[in-house]
Structures are given as structure tokens and as C-alpha cells.
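Coordinate analysis (summary)
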Amino acid sequence: VGFGDMSPSSLTSVVIAIFGMSLGGFTFSWIISNIFAVMNPDPQKKFHAERLNWVMAFLKSNQIPKSTASRVKAFFSSKPDSFDEKKLMASLPGELRMEICFMMFRDTLIASGLLNTIEERVFKEVCLLGSTDFLTPWELIYRKKDHAGDVFFLAEGCVYLSDYVSSKCLARNTVVDKKLKYMVSNTSAAAKNQLTICSKVGDMFGEETVFGVTQRQQWAIATSKPVRLISINGRALKSLLDSVPKFLSSILESLLKKMEAYDRKTQQYMLCEMDMPELQTAETGELRADYEDVLEERREMDHQVE
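Calculation rules
- Here the residue numbering is sequential within each chain, running from 1 through the sequence in written order.
- In keeping with the model being predicted, local features are shown solely for residues with a pLDDT of at least 70 and side-chain atom pairs are shown and tallied solely at 80 or more, while totals for entire chains, interfaces and linings include all residues.
- Excluding hydrogens and water, the side-chain values take into account all heavy atoms of the structure.
- For salt bridges, the criterion is a side-chain nitrogen of Lys or Arg within 4 Å of an Asp or Glu carboxyl oxygen.
- Here a strand is any run of E in DSSP of at least two residues, a helix any run of H or I of at least four, and the numbering for each starts at the N terminus.
- The buried label applies to any residue whose accessible area, calculated with a 1.4 Å probe on protein chains only, is under 20% of its type's maximum; exposed applies above 50%, and partly exposed to all values in between.
- Here the aromatic set is Phe, Tyr and Trp, taking the six-membered ring for Trp, and pairing holds for ring centres within 6.5 Å; pairs whose planes are under 30 degrees apart are stacked, those over 60 apart are edge-to-face, and all others are tilted.
- A ring is considered to have a charge above it if a Lys NZ or an Arg CZ atom is located within 6 Å of its centre and within 35 degrees of its normal.
- Each residue gets a pLDDT score, which is the predictor's confidence in that residue and runs from 0 to 100.
- Two residues form a contact once any of their heavy atoms are found within 4.5 Å.
- DSSP calls a pair of strands paired once it identifies at least 2 bridges connecting them.
- Between N-to-C directions, angles span 0 to 180 degrees; the directions come from axes that are lines fitted to C-alpha atoms, helices contributing only their stretch in contact.
- Pairs of cysteine sulfur atoms within 2.5 Å are identified as disulfides in what follows.
- Here, the term nonpolar core denotes a set of buried Ala, Val, Leu, Ile, Met, Phe, Trp, Tyr and Cys residues that are joined through side-chain atoms within 4.5 Å.
- Residues with no salt bridge and a relative accessible area higher than 30% make up the patches, which join like charges within 9 Å and nonpolar side chains (Val, Leu, Ile, Met, Phe, Trp, Tyr) within 5 Å.
- Each accessible area value is a Shrake-Rupley result obtained with a 1.4 Å probe; residue values ignore everything except the protein chains displayed when judging cover.

What follows concerns the pattern of salt bridges. Under the defined criterion, the tally for this structure stands at 12 salt bridges. The salt bridge partner of E120 is K124, with a shortest N-O separation of 3.4 Å. In this pair, E120 and K124 both sit in helix α6 (residues 120–129), 4 residues apart, roughly one turn of the helix. For R288, the salt bridge goes to D290, with nearest N and O atoms at 2.9 Å. Judged by relative accessible area, D290 falls into the partly exposed class, the value being 31%. Connected through shared salt-bridge partners, E99, E120 and K124 make up one network.

Here you go:
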């Protein structure tokens, strides 16, 4: 070690010398790498840090309460993208944008099992309608009575759908109150309150928008882990796929299975907005118990049309 004028004379000193040289080499490399990191910062990390500083300055200047500010900071800290994805995609030419959307959303939409029979050209147009949404833990995706616009496909994470309504939650924007958290975390409470769990890639929810329902009838709650969703405008999706009745029948079946758990008033409202009197009972207007027979008749008619 050093200039070579001193050398170890025993096995112990040789081991110590080897350890010292290794430690010195690692320490020197660490120092040099940090110097280079300071001189040439990663553009993505730099952008993320600058954006976070801007957010904190905004919160401070507007005197946002600490509880709300911490949630805003957590959102921007956990958000994986460091650029405006929609703005980037909008700047691309149509064909290239379609190819990229197809590669981004293909696996999730195929996993849903609803688009497997659609020809590739139409499938690519469906992908072109999609956009990616990233959600922080315990974020409300939408609330009951919110305006219904998009249908969602789960790409990563887990989402709970609940019929529970809290007046406390209605007064807030994205806060999930303690009772909702308890329902999600407690198995017996979840079963009692009929929580629907979307946990598999491709699981779909919010499909009522495809059939013209304008108000949400459930809460959609992201769980304690980050969630990634693919959102597609329901009306645009229906307009594109009116020529593929088999696809729409599959979505309708998925929606009606969830509606079985709804109360009579909710079923009446939804079926009225969907303009599907054949699915309603003549007496009360709620969902018919034999709706699967009606769906089978629709499938036979769709098959004849095809």
C-alpha cells in the first residue's frame, strides 16, 4: 500500500492490506460518482425535484392546510411520470400515436377478455381512445352521484367498489373516511357491505357510461397501494364499437351482474337511463331475475346481424 516501500510481512497484515485497498477503492469510486452526479444530474430526477419544489412553494404561498398539503406532496412524490403524457402523445402524428397506444394498452385490454374477437384495426382504434391514470393510496377515483364519463380497465394495483355513502365524504374531494377504510381492511365488514374487488389486470369498472348512465352509482376507491388505470370515454367507446355487438353484450353482462347488488331505486334509475325496458320487471321496474335469458336472446340477434 502507498508507494510500495512497505509490504505486509504476515498473513494478518496481508488480509488487512487487501481489505484496506478494497475499501479505499470503493470509497474513491463513490466520491467520484457523486461528483459527477452533481455536475451532470439526471434530467428526469432534476425535473421531478424542480416540480416538487414548485408544488411546495404553491402550497405555502396559498396557505394550504398541512393535512391537505401532505396529501398533495404524497401524490406528486409517488407519481411515476415526469412529463405530460397526453401532451406528448397529442404532438405525435396519428399513425405513430396509434401504434404507441396499441403497445401501451394492448396487454391490459386483452386481459379483460372483451376485445379478443375484435379485428386488429378496430382494436388499435380502441387503444387510441385510452389514457393512463396513476393514483395514490386511498384515493377516490370517483364518488357516488359523480358525473359518469369514463370506463376504467385495471392495469396495476387493486380497486374497491362500494355502495357506502358518507355525508362526511361528500363534503370532501379525495379523502376516504375511516369507515370506508375499515370496510376495505376488514373482511367481515367488506362482505357485509358487498364490496366489489377489482384486483386482476384487465378488470373493468365504470361500464355504465357505455350505456348512457350519467351518474355513478358506486364509490370507486383505490387501495393502500398505488394504482394504474387505463381510462376510455364510455360514449366514444360505444360509438366506435356499435358495429361489434358481441363486445357490447359482454360489457352489458358485466354491468348487470354488479347491478344485482343494487337497491330497487338504483336499478330503476339505471335501467331507465340505459333505455332497456326489456330488462325491467313490469311491476316495479327493477332488474329482472331472468335477465340472463334476455341477454341470450340479444346474443342470438347479434349473431344473426353479424
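Further remarks concern the packing of aromatic side chains. Per the stated rule, a full pass over the model turns up 5 aromatic pairs. Taking the centre distance of 6.3 Å and the plane angle of 40° together, the rings of Y142 and F205 count as tilted. Taken together, the positions of Y142 in strand β2 (residues 140–142) and F205 in strand β6 (residues 204–205) put the pair 63 residues apart, joining distant regions of the chain. For Y142, a relative accessible area of 6% corresponds to the buried category. Note on F205: relative accessible area 0%, which makes it buried. Directly above the ring of F102 sits K124, whose terminal nitrogen or CZ lies 5.3 Å from the centroid. Of note, R216 hangs over the ring of Y142, and the distance from its end group to the ring centre comes to 4.1 Å.

This part takes up the confidence of the model for the protein. One rule of thumb: low pLDDT means the predicted coordinates there are not for detailed reading. Taken as a whole, the protein shows an average pLDDT of 78; of its residues, 79% reach a score of 70 or greater. For the protein, the element scoring lowest by mean pLDDT is helix α7 (residues 167–170), at 43; strand β3 (residues 150–156) scores highest, at 92. Predicted confidence for residues 166–175 stays below pLDDT 50, and this span has 21 contacts to residues more than four positions away or in other chains.

What follows deals with α6. When we look at burial in α6, the residues that qualify are V122, F123, K124, V126 and C127. Each element contacted by the buried residues of α6 is listed here: α5 (94–111), β8 (227–233) and α10 (234–241).

Right, let's get into the sheet that holds β8. Spatial strand order, β1-β8-β3-β6: 4 strands in an open sheet with antiparallel pairing. Two strands in the sheet have a free side with no partner beyond their single neighbour: β1 (131–135) and β6. Here 6 bridges tie β3 to β8, and the two strands are oriented antiparallel to one another. By the bridge assignment, E156 is partnered in β8 with R228. Packing of α5 onto the sheet brings it into contact with β1, β3 and β8, and relative to β3 it is tilted by some 90°. Here α10 sits on the sheet and contacts β3 and β8; the angle it forms with β8, its principal contact strand, is near 60°.

Below, the discussion takes up the state of the cysteines. Following the criterion strictly, the structure yields 0 disulfides and no others. With no disulfide of its own, C198 has C158 as its nearest cysteine by sulfur position, at a separation of 7.7 Å. Residue C198 is classed as buried on the basis of its relative accessible area of 4%.

Membership of the largest hydrophobic core comes to 39 residues, with the highest contact counts inside it found for L237, F247, M259 and M274. Of all elements in the fold, only α5, α6, β3, β8, α10, α11 (245–259), α12 (264–274) and α13 (291–305) reach the threshold of two or more residues within this core. If you tally residues by element for this core, the top one is α11, at 7 residues. Once you skip the residues sitting within four places of it in the chain, M259 turns out to touch Q267, M270, L271, M274 and L287. Of all hydrophobic cores here, the second largest spans 13 residues; its members include F152, A220, V227 and L229.

In this section: a nonpolar patch on the surface. Together, F28, W30, I31, I32, I35, F36 and M39 line one region of the surface with nonpolar side chains, adding up to about 760 Å² of accessible area. Here I31 lies in helix α1 (residues 11–39).

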